[in-house]
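Structural overview for review
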Amino acid sequence: MQFKISKELLAQIEQLIHEKNNQQLEVLLNDFHHADIAEVLEELDFDEATYIFKLLDSEKTAEVLLEIDENLRDKILSKLSPKEIAEELDELETNDAADIIAELSKTRKQEVISELEDVEHAKDIVELLRYDEDTAGGIMHKELVKVNENWNVLTCVKEMRIQAANISRVHSIYVVDDENRLKGRLSLKDLLTTSTKTPISEVYIRKLNFVKVDDEDVEVARIMQKYDLEAIPVVDELGRLVGRITIDDILDVIEQRDTEDIQKFGGTEGLDLSYTKTTLGELVRKRATWLIILFLGEMLTASAMSYYELELSKALVLGLFIPLIISSGGNSGSQAASLIIRAMALKELHLSDWWYVMKKEILSGLLLGGILGIIGFIRIMVWQKTGIYNYGEYWAWIACSVSLSLVAIVLWGTLTGSLVPFVLRRIGLDPATASAPFVATLVDVTGLIIYFSISALFLSGKLL
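Here's what I pulled together on the structure shown here. (Residues numbered from 1 in each chain as written. Predicted model: local features only at pLDDT ≥ 70, side-chain atom pairs only at ≥ 80, totals over all residues. Heavy atoms only, no water.)

**Some words on the pattern of salt bridges**
Definition in use: Here, a salt bridge means any Lys or Arg side-chain nitrogen found within 4 Å of an Asp or Glu carboxyl oxygen. For helices the rule is a DSSP run of H or I covering at least 4 residues; for strands it is a run of E covering at least 2, with both sets numbered from the N terminus onward. Exposed residues in this analysis have more than 50% of their type's maximum accessible area, buried residues have under 20%, and partly exposed residues fall in between, with area computed by a 1.4 Å probe over protein chains only.
In total, this model carries 7 salt bridges according to the counting rule given. Linking arginine 73 and glutamate 103 is a salt bridge whose minimum nitrogen-to-oxygen distance equals 2.8 Å. Taken together, the residues arginine 73 in helix H6 (residues 70-78) and glutamate 103 in the loop between helix H8 (94-102) and helix H9 (106-115) connect sequence positions 30 residues apart. A relative accessible area of 8% means that arginine 73 is categorised as buried. Notably, a salt bridge pairs lysine 123 with glutamate 120, separated by 3.9 Å at the nearest N-O pair. Taken as a pair, lysine 123 and glutamate 120 lie in helix H10 (residues 119-129) at a separation of 3 residues, close to a single helical turn.

As structure tokens, then:
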């Protein structure tokens, strides 16, 4: 059953806090999942949230720290002493503890690390802090289960029991040599069905996927998605086993990657932090760059219209269809850009596929443009015949120019939106920067030229 916060529940919790009825409050929250407790804390005011956080034991609140909003977490941590923070981190796996410590100031970070009780745990956290947060080393866990290839099955089982005691979930059993170099993995089924005296070297699986500490996290995500892995081992430059990455870590990477791509699609630079944690100045800076670029681009639209000022003065009716024509081209370009960029992100398309995409988008553009062109012609004809608007004696020529312009501009928009990402990838830029607004602005300017050129062809000697 899905947890849902009700007004009655919040009122009950607030009342218990007001009465300082700690015993009843603990009983009430004891059966809550840590994610549900985090949701409750976010609904309370800061003082009430802090009260509950300090009331509960660190085994539960440590997990709550990972779930709550970043702003609330920062505020709560600011109210805790280095020793209290260390008590929370002692309950967490190394990568989660490292993520929280990384958010602290340099001085406070050192104070918290010095208060950690488990020396090995502290060493592992310090090691993780050395890696870039966007690499495999930055998101891996140090906790794992490994066995030596020279052991027999019985020795492995005994050692695994000791190692597994400090791990929340055992996804895989890794096999290493005397130098801790990764050799393979051990199947749990083989472990259970093989004689206890059998050497591990005879039963372990030598072929397995792994990543290196400096591999980008998005590449790790791609590999784990491709091979449907729940966990993947991480090795250093010498091939030594240094950690593992689990599927829940990768889900966070995928969410972050998709969020950044969506932000770029919207015509803004990707935010380094969450929206709530990004300062006003940083938010304006991230958005202003693209807005200025797009604004300067749209100024070319005004320049293009001024170039055709004489034609517009002779046939003002042409101006009625400018928003219709331009928006159709921009929309088709945005659609194409979104589809191609996403296909590139999923590795469905590569640079060598540009000709395949071009052929496909030419047909798509012609069909889509043809559909809109027919609708545009019918619209002008109906308005003319029913008297809604009088386009004059040359209404049919106007309808033809609008229809053919729609075909040409939608085709151009589709081609532009689909090929610009290839160009950007070819010169080493992120295709996501070919955002919908960028493509739309480009098509706006060129679309005007196409529209007036076709109109001049059809209406020369008539209206123009």
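What follows picks up the thread again.
**A closer look at H8**
For H8, the buried fraction is high: 7 of the 9 residues fall into the buried class. Of all the residues in H8, the buried ones are Thr94, Asn95, Asp96, Ala97, Ala98, Ile100 and Ile101.

**Overview of the sheet that holds strand E3 (residues 182-186)**
How we decide: We treat two strands as partners when DSSP finds at least two bridges between them. Fitting a line to C-alpha atoms yields each axis, with helices limited to the stretch in contact; the angle taken between N-to-C directions then spans 0 to 180 degrees. Note on contacts: a residue pair qualifies if any of its non-hydrogen atoms lie within 4.5 Å across the two residues.
Within the open sheet, the 3 strands sit side by side as E1-E2-E3. Their pairing is mixed. Both outer strands of the open sheet, strand E1 (145-148) and E3, are each paired with one neighbouring strand and no more. With direction set aside, neighbouring strand axes in the sheet form an average angle of 35°. Judged from the 4 bridges that link them, E1 and strand E2 (residues 173-176) form a sheet pairing that is parallel. Paired with lysine 146 across the strands is tyrosine 174, a residue of E2. Of the strands in this sheet, E1 and E2 touch helix H12 (residues 153-164), which is tilted by about 155° from E1.

Geometric values such as these leave the question of function open.
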